[in-house]
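For reference, the chains in residue letters:
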Amino acid sequence: MNQDPFGSRNPQSRRRGAGGLRLWVLVLFAGYAAYYWYSNRTVDPYTGEEVMIDKGLSAEDESAMGLQAYREILGQERAVDPDAQVARQIRAIAERLISRVDEVEADLAAEKGVQPRNFAGNFEWQVSVIESGQANAFALPGGKMAVYTGLVPIARNADGMAVVMGHEIAHALMRHGAQRMARGKLEQIGQMAGAASGMDAGTLQTVMSAYGVTSALPYARGHESQADEVGLMLAAAACFDPAEAMPLWERMAQLGGGQSPPEFASTHPSAESRIAHLQSLQQKAMGFRQKYCGQGGGAAAAG
């Protein structure tokens, strides 16, 4: 048997010991990640699915973060005069959508057999119109919203605008930002585990890239599809025409000249997938419209 005269350990033993330590590091990180996931699960009343939201993040905290981001954006952009016609029209659309939030949540929760949460009950809604060529809009936790004037010619009418604004409101109602934050924490845990286990930077980058394509990007696309559905029901319940959703997204797809990354490499569904999904939701959306607006639909809203 070989014996080191100086009493040092066999190099192979050191390698085995290091491997064991790395395994324990991975086990500990995996255990913490599992604990974080299971201890922060909640049921989304809009989908009936279990989602992960950090229980340490309150509605008040989210609203404060949304307000800070909103103020920063408005500090950098030029807002349209609130008394301008376009600003008044967009606020009127927002008011109709917001007025149906509780009913739509209750209906969708009942459909899934869960209780509504009324997370947006304390939102302090505020809508600004920003002078910009961007065809964009957003809604932040706490009810802070903005619509860019570049969206107006793409929307073409109040129905198209309501589809986009309903989609953005749905993101805030479903706490998609908080879900992404919680998932981001798990991703950080995974990166720390890889680094602590001795994984080299190149391998870690490859692993994270594969994770992005197989998990992170589909997760983001799932949020977009959820917001499309909830937003469409919200628009329909507010007596807008859900049939405007498909031509709207056809126009949106034409903005970039038809040039967009393949769906698997994007955070958003392809235009084709999105339009097909919205088409499949038309019967359900019309049911919401008839329930809240009667056969007259838009006429009922105007009255």
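Right, let's walk through the structure included here. Bear in mind that the values here come from a model prediction, so they are computed numbers and not experimental data. (Residues numbered from 1 in each chain as written. Predicted model: local features only at pLDDT ≥ 70, side-chain atom pairs only at ≥ 80, totals over all residues. Heavy atoms only, no water.)

Membership of the largest hydrophobic core comes to 55 residues, with the highest contact counts inside it found for L97, M161, M165, L232 and F288. The element best represented in this core is helix α6 (residues 158–173), accounting for nine residues. If near-sequence neighbours (up to four positions away) are discounted, M161 is found in contact with I90, I93, V147, L151, V152 and A155. Core analysis: the next-biggest nonpolar cluster, separate from the first, contains six residues, Y70, F138, L140 and Y148 among them. (Core = buried A, V, L, I, M, F, W, Y, C linked by side-chain atoms within 4.5 Å. Buried < 20%, exposed > 50% of the residue type's maximum accessible area, 1.4 Å probe, protein only. Helix = DSSP H or I, 4+ residues; strand = E, 2+ residues; numbered from the N terminus. Contact = heavy atoms within 4.5 Å.)

With that settled, consider the sheet that holds strand β5 (residues 144–148). Across the sheet, which stays open at both edges, the three strands sit in the order β3-β5-β4 with mixed pairing between neighbours. The sheet is open, and its two borders are formed by β3 (126–130) and β4 (137–140), each paired with just one other strand. Averaged over all neighbouring strand pairs, the angle between strand axes comes to 15°, with direction disregarded. Bridge analysis of β4 against β5 gives four bridges, and the strand direction is antiparallel. Residue pairing for β5: A139 is matched across the bridge by M145. Of the strands in this sheet, β3 and β5 touch helix α3 (residues 85–98), which is tilted by about 145° from β3. Lying over the sheet, α6 contacts β4 and β5, oriented at roughly 30° with respect to β4. (Pairing = 2+ DSSP bridges. Axes fitted to C-alpha atoms, helices over the stretch in contact; angles between N-to-C directions.)

With that settled, the discussion passes to the packing of aromatic side chains. All chains considered together, the criterion is met by four aromatic pairs. Aromatic side chains Y70 and F138 sit 6.4 Å apart centroid to centroid with 80° between the ring planes, which places their arrangement in the edge-to-face category. With a gap of 68 residues between them, Y70 in helix α2 (residues 59–76) and F138 in strand β4 connect regions that are remote in the sequence. For Y70, a relative accessible area of 2% corresponds to the buried category. Here the aromatic residues Y70, F138 and Y148 are joined through ring pairs into a cluster of three or more. (Phe/Tyr/Trp six-rings, centres within 6.5 Å; stacked < 30°, edge-to-face > 60°.)

It is worth spelling out the side chain of Q282 at this point. Mapped onto the secondary structure, Q282 falls in helix α11 (residues 282–293). Here Q282 falls in the buried class, since its relative accessible area comes to 9%. Separated by 3.3 Å, the side chain of Q282 and the backbone nitrogen of A243 make a polar contact. A distance of 3.1 Å separates a polar side-chain atom of Q282 from the backbone oxygen of L278. Setting aside its immediate chain neighbours within four residues, Q282 contacts L232, P242, A243 and M246. (Polar contact = N/O pair within 3.5 Å; in protein donor to acceptor, adjacent residues only side chain to side chain.)

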